[in-house]
Amino acid sequence: MLKLVVLISGGGSNLRALLEAARDAEYPARVVAVGADREAEGFAHAEAFGIPTFSVPFSSFPDRASWGDELLTQVAQWAPDLVVLSGFMRLLPPRVVRALGPDLINTHPAYLPEFPGAHGVRDALRAGVEQTGASVIAVDDGVDSGPILAQRRVPVLPGDDESSLHDRIKIVERELLVQTVLDIANGTIDLEQESTA
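All values derive from a computational prediction rather than experimental measurement.

Draft legend 1. Spatial organisation of the overall build of the chain. Across its full length, the chain carries seven helices and seven strands. Seen in sequence order, the chain has helices and strands lined up from the N terminus as β-α-β-α-β-α-β-α-β-α-β-β-α-α. Here the C-alpha radius of gyration of the chain, 16 Å, is about what a compact globule of 197 residues would show, namely 16 Å. With the C-alpha coordinates of the chain rotated into their principal frame, the extents come out at 45 × 45 × 40 Å. In the chain, which comprises 197 residues, the proportion classed as buried is 45%.

Draft legend 2. Structural view of the pattern of salt bridges. Enumeration over the complete set of coordinates arrives at eight salt bridges. Of the charged contacts, one joins D69 and R95 as a salt bridge, the two residues approaching to 2.3 Å between their closest N and O atoms. Placement of the pair is D69 in helix α3 (residues 64-76) and R95 in helix α4 (residues 94-100), with a sequence separation of 26 residues. On the basis of relative accessible area, R95 is assigned to the partly exposed category, the value being 46%. Members of the salt-bridge network, linked through shared partners, are D37, R38 and R90.

Draft legend 3. Here's a closer look at the nonpolar core. The biggest cluster of nonpolar side chains holds 38 residues, and the ones touching the most others in it are L18, V31, L82, I105 and V181. Sorting the residues of this core by element identifies β1 (2-8), α1 (13-21), β2 (29-36), α2 (43-48), β4 (82-85), β6 (131-138), β7 (148-155) and α6 (162-185) as the ones contributing at least two each. No other element matches α6, which puts seven residues into this core. In this structure L82 touches L2, K3, L4, V5, D103, L104, I105, V181, I184 and L191, once residues within four positions along its chain are discounted. By size, the runner-up hydrophobic cluster in this structure holds 19 residues, among which are L7, F54, V83 and L92.

Draft legend 4. How the structure looks around the pairing of β1. Among the seven residues that make up β1, six are buried, leaving the element largely enclosed by the rest of the structure. Strand direction decides the pairing type here: β1 and β2, joined by seven bridges, are parallel. Paired with K3 across the two strands is R30, which belongs to β2. As a crossover connection, the stretch from β1 through α1 into β2 is right-handed. Judged from the four bridges that link them, β1 and β4 form a sheet pairing that is parallel. Across the sheet, residue L7 finds its bridge partner in β4, namely L85.

Cut-offs and rules
- Residues numbered from 1 in each chain as written.
- Predicted model: local features only at pLDDT ≥ 70, side-chain atom pairs only at ≥ 80, totals over all residues.
- Heavy atoms only, no water.
- Helix = DSSP H or I, 4+ residues; strand = E, 2+ residues; numbered from the N terminus.
- Rg over C-alpha atoms; globule rule 2.2 N^0.38 Å.
- Buried < 20%, exposed > 50% of the residue type's maximum accessible area, 1.4 Å probe, protein only.
- Salt bridge = Lys/Arg side-chain N within 4 Å of Asp/Glu carboxyl O.
- Core = buried A, V, L, I, M, F, W, Y, C linked by side-chain atoms within 4.5 Å.
- Contact = heavy atoms within 4.5 Å.
- Pairing = 2+ DSSP bridges.
- Right-handed = clockwise from strand over helix to strand, strands pointing away.

Read these as spatial facts, not as claims about activity.
So, in structure tokens, the structure goes:
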């Protein structure tokens, strides 16, 4: 049974998908704690499922390194097998990535390496592409540049705006995340191997 710590910054819809998947006794992962870099709406999902939460506000620290050190301390006390960045909108310091890797994954609302960064959905619309997608990656020191673990295309429909497109991508993102965690738990995906490939 994989122990997960999930880090969020917003509404936590991917977190909710993991919590619901874990209701099934056959699903081989459980969320043991949920953390955020601010007061996040997604904490409500954790509370509804009785999952402990913690917050490490970036604004409370003099620099990114000291914030990262405290975040790492908070995560480490739960001894997770896997840390999931789920809509976590802050870049982790390299030391934190090294400490948590290779058992550190992230979701992204684009078909990487297309449209990395904080505005993947908006960038896809601006580029006028006919399709974008969703990806789950292993985290490295770059911006959405780690090994791709799973991804799927999502069409851009006529009349789509950022909100409508993002809503459809999120559905795919949730499915990919739940399946990727399952694949890591059952050994179909080997994060150690992925990180050295």
